[in-house]
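Topology and contacts: notes
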Amino acid sequence: MPSFLFAAGASTQLEGGFKLGPAIILITILCVFVLVGIIFRAKDTTDFYAAGRSISRVGSGMAIASNWMSAASFLGMAAIMYGSGYHGLAYVVGWTGGYVLLLILMAGQIRKYGKYTAADFIGDRYYSKGLRATGAIIAILISISYCVGQFGGIGLMFKWILGIDYAIAVIIGGSVVLVYTLISGMLGVTKNMQIQYVIIIISFLIPLFILTFKFDYFWLLPQIGYGSVVSDIVSGIPIAETTQMFNALGHEYAMVPAPEFAMPWDSATGQTFFQWMAIAFSLMVGTAGLPHVIQRFYVVPKARDARWSVVWGLFFICILYWSAPVYSAFGKILSANPEVGKLSKDAIVVYTAQLGGINPLIVGLLAAGGVSAAFSTVSGLLVAGASAFSHDLYVKVLYPEASPKKQLLMARVGTVVMAIIVTAIALLKLGLIAQLVAVAFSLAGCTIFPLFLLGIWWSGSNKQGAIAGLIAGGLVSLIAITYFVAGVKGVDLPASAFVAKWLGAWFFAWIGAPLAILVNIVVSLITPETPIEIRKFLVQNVHS
Amino acid sequence: MDSNQNDYHISFFKPTTALAKWNRNLAIKLILIWAVAVFGFQFLLRLIEKPTPENAYVKYEQVWENISTENASIEEMQTFAHTSLSVLGKLIIKPDQKVSLSNALSWVTYQLADSLQKESLFNQTKDLEKIRSEITSISDPVYLEAKNALSNLANSILGLQKTDPRRLIVALSLVSNDMEVFKAENKALVPTIMSTYLIHNQSILTDTKFLGFPFHYFYTAVFLLILFVFLCWLYCYRVDKKNVELDIEE
């Protein structure tokens, strides 16, 4: 089909080579991160795991937001909406709505329980070393799965800024984030997260004001002003006869009607009503089961602070989530001309700013913001994974006598091993950033979420029930992920169409989470009661 | 021992203290609001939606029978070309479906051209394809000149209005090798392609405008997030107030 081929399409022009301005911005920001990490570095294991419990609730809210606003939020959400329209809003709703569950059902109680890590809680509440070890392994798997998407985002942005190959970009970016996490630990990470939040949100918002102003929409509040952009996409934009507007490539600001961008579960997107609901639900329960999110509640002084930090965190997160769809809407119009060619969806935020003719330095800041978003999350994830490895597996299960120095060393070894594994998987490019991250959410929703939910709210849930529920949730996860990887690798497994439709990798928690809860309840009811000490602790310490 | 053991039970649905009961009721109320607001609204959207065709689809339906039997008038062929362009202009179209529609567009444009235009149309399309495969920038003056020439010719054949955005994609959608024959396999795919891309799920909730947005879009993308923050704030506020009332120090 020669008509669609370009020797060098506009997308290649947008990609370009090495970009000095953006590179300087990125390097400066990274230097600031490392510097702050050094100044506020972890002095001992308590600092490394839980930042000495010295973070204020607004500060913790910012850290929650920064920790949360990953490459999936910064780059991935706009990518999903750019490609699938209204379907992408399932991710927006899922990734914010889950905080309501987290707050009402867990935040304060988790802090009152007073542990360091998710596995700590599981091992203690279900009085089982085996479950503690399993919880730690699941936490590591979730962290790895979550990090893969982030490393992909880091790779894309490093590729864009440095003009280098994706694989090399992933390796360089991964190395930098690893060094930073090793130097700083969580105290540095928490301080950095507050700085990162400011950089992320400023870099994300500035281009939106410019775009809405430049293309003549209500620019004072782009998060509302883009409503008319969405309506324009639906009705189509005629070629203006008088005051013409153009994208950076000289194409008219015009497009044919594209109602599929805004209409629900449109056949053109290939997405269904069921998928919308299943994704939103899975992301919500996943949010309430993510170890690195739960772990944030251990770093605030009191349960009340844990609760209010969720409110602040969610508000800070929503500022970005109200804004991400603006990029997808403008991206849709500015890349409407076929001459623009096929753009990498995961980089559509940056391409939209470029196509909008925004100053290259501001686009560079935007790309650096994308890197910061990925960095802030990856560092939190690596700390959570390393904590699970050193604290929950090494110290609590294997070597209880290990010295604090040895513990810290093992945390750092765990961080390095995880970073290597994540880099290797990220190089495979298994899917879009948001989709890869959604796998981690479903996994958390099927495994950790039921254990926490029942562990806090029902003293009847016992070790046997937890094991059975974990097996049920784990099996659903295993089936869904196996079919996903097999599909990507071109291996045809039996009933693959059925599994893809009902048990997709981004939404298998819709059935996995309720099933794990149900199995946990049934088995708990027919097995010996939870020990009195645990129940007493729940009554006196967690629910008092 | 037994009585002691019975004193220590926690169940969300069977709270044993007044505070626990209060907390349970608050949680249930907020979660109900949350669930109905998120999932209830999507169910409502699903319930009242109707497959609604774009104008382009309505026009396509009027002419397709004659196009498929190759008995169409000039106006009908122009209409068919316009509707094909309405789909070709969508970013979301799949590559294989784009090939089929490009064949349809190229063929119908060629049929509409008079004998003099036919040769120019074919040659200019071929030239543009060649230039496109060689250029390193879409600002290349030779490319721009060839594209504009073909665009002017094709738009005059198709009778597209000056402000019609479909004018912008005609030259890039024509394929020289597809002009003489509308391949049977491509013809067979056209009805499915048209219904896939030109019929949408719409209702009063999608057609009503609010602050410039289609209402359902505003509700999901903007309002729900405000609601989530509000529900979280309300929960914290109520719990704090209760703790002060009961003089509870956490």
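Note that the structure is a prediction, hence the values are computed from the model and not measured. (Residues numbered from 1 in each chain as written. Chains lettered and ligands numbered in written order. Predicted model: local features only at pLDDT ≥ 70, side-chain atom pairs only at ≥ 80, totals over all residues. Heavy atoms only, no water.)

Across its full length, chain B carries 11 helices and four strands. Here chain B has a C-alpha radius of gyration of 30 Å; the compact-globule value for 250 residues is 18 Å, and the former is much larger. Looking at chain B as shown, the accessible area adds up to about 12300 Å², and 56% of this sits on carbon and sulfur atoms. Side chains of chain B carry 24 positive and 27 negative charges; the gap between the two charge centres is 6 Å. (Helix = DSSP H or I, 4+ residues; strand = E, 2+ residues; numbered from the N terminus. Rg over C-alpha atoms; globule rule 2.2 N^0.38 Å. Areas by Shrake-Rupley, 256 points an atom, 1.4 Å probe, with all protein chains shown as cover. Lys, Arg positive; Asp, Glu negative; His and termini not counted. Charge placed at Lys NZ, Arg CZ, Asp CG, Glu CD.)

Among the nonpolar cores identified, the biggest contains 215 residues, and A:Trp68, A:Tyr91, A:Trp95, A:Met106, A:Phe452 and B:Tyr217 are the most heavily contacted of them. If near-sequence neighbours (up to four positions away) are discounted, B:Tyr217 is found in contact with A:Met81, A:Tyr86, A:Leu89, A:Tyr226, A:Val230, A:Phe261, A:Ala262, A:Pro325 and B:Val222. Listed in part, the 49 residues of the second largest apolar core include B:Ile92, B:Tyr110, B:Leu153 and B:Val170. (Core = buried A, V, L, I, M, F, W, Y, C linked by side-chain atoms within 4.5 Å. Buried < 20%, exposed > 50% of the residue type's maximum accessible area, 1.4 Å probe, protein only. Contact = heavy atoms within 4.5 Å.)

The next subject is the pattern of salt bridges. A full pass over the atoms with the stated rule returns 13 salt bridges over all chains. For B:Asp178, the salt bridge goes to B:Lys183, with nearest N and O atoms at 3.3 Å. (Salt bridge = Lys/Arg side-chain N within 4 Å of Asp/Glu carboxyl O.)

Here we come to the environment of A:Gly460. Residues and elements named next belong to chain A. Checked against the element boundaries, Gly460 lands in the loop between helix H19 (448-457) and helix H20 (463-488). For Gly460 and Ser84, which are 376 residues apart along the polypeptide, the C-alpha to C-alpha distance reads 43 Å. Filtering out sequence-adjacent residues up to four positions away, Gly460 remains in contact with Ser524 and Thr530.

Bringing the environment of A:Thr134 into the picture now. Residue and element names in this part refer to chain A. Checked against the element boundaries, Thr134 lands in helix H8 (residues 129-162). Taking C-alpha positions, Thr134 is 14 Å from Gly465, a pair spaced 331 residues apart along the chain. Polar contacts involving the side chain of Thr134 include one to the main-chain carbonyl oxygen of Gly130, which spans 2.7 Å. (Polar contact = N/O pair within 3.5 Å; in protein donor to acceptor, adjacent residues only side chain to side chain.)

Residues and elements named next belong to chain A. The end-to-end C-alpha distance of helix H22 (residues 509-525) is 24 Å, a good match for the 24 Å that 17 residues give at a rise of 1.5 Å each. Buried within H22 we find Ala509, Gly512, Ala513, Ala516, Ile517, Asn520, Val523 and Ser524. Take H22 and look down its axis: the buried residues cluster within an arc of 145°, on one side only. Of the residues in H22, the exposed ones pointing more than 90 degrees away from the buried face are Leu518 and Leu525. For H22, the elements touching its buried residues are helix H12 (273-287), helix H18 (433-446), H19 and H20. (Expected span 1.5 Å × (residues − 1). Arc of directions from axis to C-beta.)

This part is about the domain arrangement of chain B. Partitioning chain B into domains gives domain 1 (2-49 + 204-245) and domain 2 (52-202). Relative placement of domain 1 of chain B and domain 2 of chain B: their C-alpha centres are 51 Å apart. (Domains from an automatic or database assignment.)

Here the focus is the packing of aromatic side chains. Counted according to the given criterion, the structure contains 50 aromatic pairs over all chains. When the centroid spacing of 5.6 Å and the interplanar angle of 35° are considered together, the rings of B:Tyr60 and B:Trp64 count as tilted. Placement of the pair is B:Tyr60 and B:Trp64 together in helix H3 (residues 55-68), with a separation of four residues, close to one helical turn. Judged by its relative accessible area of 3%, B:Tyr60 is buried. The ring of A:Trp160 has A:Lys19 sitting right over it, with the charged end atom 4.5 Å from the ring centre. The ring of A:Tyr166 has A:Lys429 sitting right over it, with the charged end atom 4.4 Å from the ring centre. (Phe/Tyr/Trp six-rings, centres within 6.5 Å; stacked < 30°, edge-to-face > 60°. Lys NZ or Arg CZ within 6 Å of the ring centre and 35° of its normal.)

With that out of the way, let us pick up the packing of helix H6 (residues 115-132) of chain B against helix H7 (residues 141-158) of chain B. Residues and elements named next belong to chain B. Running from N to C, H6 and H7 point in directions that differ by 145°, and their axes come no closer than 9 Å. For the element pair H6 and H7, the recorded crossing hand is left-handed. When H6 is examined against H7, the residues Gln117, Ser120, Leu121, Gln124, Thr125, Leu128, Ile131 and Arg132 are found in contact with a partner set consisting of Val142, Tyr143, Ala146, Lys147, Ala149, Leu150, Leu153, Ser156 and Ile157. Across the contact of H6 with H7, the residue classes break down as 10 nonpolar, five polar and two charged. (Axes fitted to C-alpha atoms, helices over the stretch in contact; angles between N-to-C directions. Left-handed = near helix turned anticlockwise from the far one by under 90°. Nonpolar A, V, L, I, M, F, W, Y, C, P; charged D, E, K, R; others polar.)

On to the state of the cysteines. By definition, a disulfide links two cysteine residues through a covalent bond between their sulfur atoms. All names here are of chain B. In the structure shown here, the tally under the stated rule is zero disulfides over all chains. The structure places no disulfide on Cys232, whose sulfur is separated from the nearest cysteine sulfur, that of Cys236, by 6.9 Å. A relative accessible area of 0% means that Cys236 is categorised as buried. (Disulfide = S-S within 2.5 Å.)

Here we come to the confidence of the model for chain B. When pLDDT is averaged across chain B, the result is 92; 97% of the residues are at 70 or more. Taking the mean pLDDT of every element in chain B, the minimum, 54, falls on helix H1 (residues 2-7) of chain B and the maximum, 97, on strand E4 (residues 213-214) of chain B. (pLDDT = per-residue confidence, 0-100.)

Attention now goes to the interface of chain A and chain B. The partner chain B presents 87 residues to the 93 residues of chain A that form the contact. Remark: the boundary between chain A and chain B carries four salt bridges. For B:Lys90, the salt bridge identified is with A:Glu260, shortest N-O distance 2.9 Å. One can count 25 residue pairs in polar contact (both at pLDDT 80 or more) joining chain A with chain B. No other element matches helix H6 (residues 89-113) of chain A, which puts 13 residues into the side of chain A that touches chain B. Class assignment of the residues belonging to the side of chain A that touches chain B gives a composition of 62 nonpolar, 18 polar and 13 charged.

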